[in-house]
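# Working through the structure, step by step
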Amino acid sequence: MKKINIFLFTAIVFYLGFIGARAFFSGYPFSLICYNCKSCDSICVIGIDPQGFMAASVADDPDIYIYVTNYRIYAGEAEKLDPDMIIQCNDKKIKVSAALNEGLISRDTEIITYKMKAKDAAKVCIECAACERVCPVKLPILDVIKGLKNPGREKSL
Amino acid sequence: MTVSGVVALIIFFGTILASLKGWISQRLFPMQVALLIASLLIVIIGFALGERANPSVIITGTFLHPITATIAGFILAGALKSAGAFEAASAWIRKLQNSYLGVPFAVIVLMNIPTLLAMPCGRVWVSPLIPVALALSFDIAAKTGDRKMPVIIVSGLVINAAASCGPSLIGGIGLIGEGMGRYPSGSFSDHMQFAIMFMTAFAMIFSKYIYSETVSERMFDVESSEEVKDMSEHGTFSLLLFVTVIVATIIIKPAIPIQAILLCTTLFIMIIAKLGLDDLMRGIILHPLTAMISGFIAAGVLSMFGGFDVLVYLLGFISEHTPLGYVGVSVILIYIPILLPLPCGRIIAVSLIPGVLMFGEHIAQMAAIPRIQEVMIVSFILAGAASCGPSPLGGIGSIGEGRLRLKKSTGMFLSLSVFLAVPVAAFSVSAIGLSSESFSRGFLLEAVITGVVTGMITSYITTKKAFHPGGIAGGLVTSLLMLVL
């Protein structure tokens, strides 16, 4: 039993190292510094939670879902972009594909997004840099957004 | 709501409860191991039920900030200890004790330092301040004969530090709520700071009158036999440097991570006091760190399989189909962080704030009182920020329990003090409202009431005299400084 415990404790320590390594491999090691304070969230006019971009960098995964709560898009376009995108529909948070299948909306309906993939969120960002200005540690969030927008850079994320 | 989410939630709650109640032997499976095994079980069952899962969710759910802040705090504490800063602090506090202001002034100021100079993680303060609190409390215990004094003072300090990440303006949890709810930056801070002063006073009362355990005789003997060392130049300098750096950080708010600031301070102390790496290592305690990481992993797995979605769904179901209704469920929702105390309030805050905002908006519309949403979000965040105090999963309370060698958990009475302090914040928001402007008549009145009441409680507990000038002066100084800083 002692050996199992030692193994698992060691695994916990290695896990911490693994996260650090992932952030370095993503090319944005500064994402490790993020305070997760969401100061950036309140300032974004289209409701993107820019802390999600930092999370995508730490995980080295552009497909993680982040909050985008004030972006309007036609349901058909949203479905084409990502059928699993979560939208706000009749006070409910639901996948766009499910909302279409249940007949709650049509493909021509303009919907408001709730959560979308980090790489898709980067594409709707208008790069006003408001998030960078309010960040308490002045992280270069736009660098990550530009990396996600650029397909070449995206591969390394 | 998915089956895997329900299973994940049951396993997660079950593991925490079984570990707390001792049904899972800590000797066989420490909390960290139990949580990892539970996470593995959730993953296996989730995959068996055909769920698709993205492991990145676990990584993104692991917040590095409190982990690195803890490590930086431990390293700095090791340097300060080796340089003799704690001896210098103890000597100053002894001088203060013997002054006109006396013990209550020293106690109330010391315990409220974490909230007064709020850091993004309370662990930054706990490591350096616990040795000072221990020295002060054993001194008072020796003079008054009250053997509970170390538990009383350390508990007050611990819950104050735990909750202090809530009002911190440099990356605290309050900013998450302000960000997600789109409220003015810093508008939650003062409400939470005053409530934390009450929380600290409540923790002192409960540790004195409800908690049965005191520190062991052996520890009393060890602490009493320790020679009173003279203040060294290095110690005094290190202490002054540390306090100056922290105060400057709070006032200037430089765009430098607090961890980097702490490490640079450590390096400077190392050079001045000629310290080696071994001196730094003595401050590091691995248990809370490993517990925190395993807590993050378990919460990440819970999130990956929709456990938190199930929780929100269940709350919605209860509110619509039981006599509790939306109001009753809102109260439960506010207190979920202390019902489910995780190692860092950020986990529950990020997972449930959208749900709290949704509930708040619903009730605000029903009652036609828009301020209800503000009351709910501030109350929830205060409960969330403080929840790392009573958390058995590597919470700040476990650092205090470890330093005092207590066998019985302090979680229950720490939770109770959070439970009672949350309505203080709720009342404050409902009466004054949210504004980033601190110098209003309402806030000044609240500061005076808070300072006087908590000062009187501290005076009574430490000297048996409620109207001690030192306690009331200490309370007032602390609460008025909270408006300024």
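Reference entry: report on the structure contained in this document.

A few words now on the overall build of chain A. Scanning chain A for helices and strands turns up nine helices and five strands. The order of α-helices and β-strands along chain A, N terminus first, is α-α-α-β-β-α-β-β-α-β-α-α-α-α. Taken over the C-alpha atoms alone, chain A extends approximately 60 × 40 × 30 Å along its principal axes. Per-residue burial over chain A gives 46% buried out of 157 residues. A sequence separation of at least 24 residues applies to 64% of the contacts in chain A between residues at least 6 apart.

For the rest of this paragraph, the subject is the overall build of chain B. The helix and strand inventory of chain B stands at 23 helices and zero strands. By principal-axis analysis of the C-alpha atoms, chain B measures approximately 65 × 55 × 45 Å. For chain B, buried positions account for 60% of its 485 residues.

What follows deals with the packing of helix H6 (residues 102-116) of chain B against helix H22 (residues 441-463) of chain B. Residue and element names in this part refer to chain B. In the contact formed by H6 and H22, the axes pass within 9 Å of each other and the chain directions differ by 120°. Compared by their axis directions, H6 and H22 come out oblique. Helix-helix and strand crossings are classified by hand; for H6 and H22 the assignment is right-handed. Residues Val103, Pro104, Val107 and Ile108 of H6 touch H22, and the partners they reach there are Thr454, Gly455, Thr458, Ser459, Thr462 and Thr463. A per-class count over the contact of H6 with H22 returns four nonpolar, six polar and no charged.

Residues and elements named next belong to chain A. Here strand E3 (residues 86-89) runs beside strand E4 (residues 92-95); their pairing, made up of four bridges, is antiparallel. Bridge pairing in E4 places Ile86 opposite Lys95. Two strands pair when backbone bridges link them, and E3 and strand E5 (residues 110-117) are joined in this way by three bridges, in the antiparallel orientation. Note on E5: the bridge partner recorded for Ile87 is Thr113.

Moving on to the interface of chain A and chain B. Between chain A and chain B, the residue contacts involve 27 residues of the former and 35 residues of the latter. Those elements giving two or more residues to the side of chain A that touches chain B turn out to be helix H1 (2-26), helix H2 (39-43) and helix H3 (51-59) of chain A. Looking at which element gives the most residues to the side of chain A that touches chain B, the answer is H1(A), with eight residues.

All names here are of chain A. In this structure, Asn36 takes a positive phi of about 55° despite not being glycine. The backbone of Lys38 sits at a positive phi, close to 65°, despite the residue not being glycine. One can find Lys38 in the loop between H1 and H2.

Our focus in this paragraph is the environment of A:Asp108. Residue and element names in this part refer to chain A. Within the fold, Asp108 resides in the loop between helix H5 (96-101) and E5. Its 8 C-beta neighbours within 10 Å are what place Asp108 among the exposed residues. In this structure, the C-alpha to C-alpha distance between Asp108 and Leu32, residues 76 residues apart in sequence, is 41 Å. Residues contacting Asp108, with those up to four places away along its chain left out, are Tyr74 and Gly76.

Maximum bend of helix H18 (residues 345-367) of chain B: about 50°, positioned at B:Leu352, with proline B:Pro354 one to four residues after it. Positive phi appears at B:Ala368, one or two residues downstream of H18(B), with a value of about 60°.

Moving on: the packing of helix H17 (residues 325-339) of chain B against H18(B). Residues and elements named next belong to chain B. Interaxial distance between H17 and H18 falls to 10 Å at its minimum, and their mutual angle equals 160°. When the axes of H17 and H18 are compared, the pair comes out roughly antiparallel. Seen along the crossing, H17 lies across H18 with a hand that is left-handed. Only Gly345, Ile348, Leu352, Gly355, Val356, Phe359, His362, Ile363 and Met366 of H18 make contact with H17, whose side of the interface consists of Tyr326, Val327, Ser330, Leu333, Ile336 and Pro337. Residues belonging to the contact of H17 with H18 are distributed by class as follows: eleven nonpolar, four polar and no charged.

Moving on to the nonpolar core. All names here are of chain B. With 222 residues, the main nonpolar core has Ala195, Met199 and Leu382 as its most contacted residues. Among the elements that take part in this core, helix H7 (residues 123-144) stands out by supplying 13 residues, more than any other. Those residues within four positions of Met199 in sequence are excluded, and the remaining contacts are Ile159, Ala163, Ala386, Ser417, Val418 and Ala421.

Residues and elements named next belong to chain A. Counting buried residues along E5, six of its eight residues qualify, which places the element largely inside the surrounding structure. Note that strand E1 (residues 65-67) and E5 share three bridges and pair antiparallel. When the bridges of E5 are listed, Ile66 appears paired with Met116. Two strands pair when backbone bridges link them, and strand E2 (residues 72-74) and E5 are joined in this way by three bridges, in the antiparallel orientation. Of the residues in E5, the one forming a bridge with Ile73 is Ile111.

Here the focus is the environment of B:Ile396. Residue and element names in this part refer to chain B. Topologically, Ile396 is positioned in helix H20 (residues 396-404). Distance from Ile396 to Thr70, taken between C-alpha atoms, is 9.9 Å for residues 326 residues apart in sequence. Residues within four places of Ile396 in sequence aside, it is in contact with Gly122, Arg123, Val126, Val158, Ala161, Ala162, Cys388 and Gly389.

All names here are of chain A. Within the secondary structure layout, Cys34 lies in the loop between H1 and H2. By the C-beta count within 10 Å, which is 26 here, Cys34 ends up buried. In the structure, Cys34 is positioned 24 residues away from Val58 in sequence and 9.7 Å away in space, judged by C-alpha atoms. Sequence-distant contacts of Cys34, defined by excluding residues within four places in its chain, comprise Gln51, Met54 and Leu139.

Calculation notes
- Counting from 1, residues in each chain are numbered in the order their sequence is written.
- As a convention, the first chain written is A and the first ligand written is 1, with the rest following in written order.
- Local features in a predicted model are, by the rule used here, given only for residues with pLDDT of at least 70; side-chain atom pairs are given and counted only at 80 or more, and totals for whole chains, interfaces and linings are based on all residues.
- We count a stretch as a helix when DSSP gives it H or I for four or more residues in a row; a strand needs E for two or more, and each element gets its number in order from the N terminus.
- With C-beta atoms placed from the backbone, a residue is labelled by how many other C-beta atoms lie within 10 Å of its own: buried for 20 or more, exposed for 12 or fewer, partly exposed between the two.
- The contact rule is simple: place each C-beta atom from the backbone, and if two of them lie within 7 Å, those residues are in contact.
- Axis definition: a line fit to C-alpha positions, over the contact stretch in the case of helices; interaxial angles, taken between N-to-C directions, run 0 to 180 degrees.
- Comment on the angle field: the value is read as roughly parallel under 35 degrees, roughly antiparallel over 145, roughly perpendicular from 65 to 115, and oblique elsewhere.
- Handedness of a helix crossing follows the sense of rotation of the near helix relative to the far helix, less than a right angle counterclockwise being left-handed and clockwise being right-handed.
- Each residue gets one of three labels, nonpolar for Ala, Val, Leu, Ile, Met, Phe, Trp, Tyr, Cys and Pro, charged for Asp, Glu, Lys and Arg, and polar for the others, Gly among them.
- Here a strand pair is declared whenever DSSP counts at least two bridges between the two strands.
- Here the bend at a residue is taken as the angle between two axes, fitted respectively to the seven residues that end there and the seven that start there.
- We call a set of buried Ala, Val, Leu, Ile, Met, Phe, Trp, Tyr and Cys residues a nonpolar core when their C-beta atoms link them within 7 Å.

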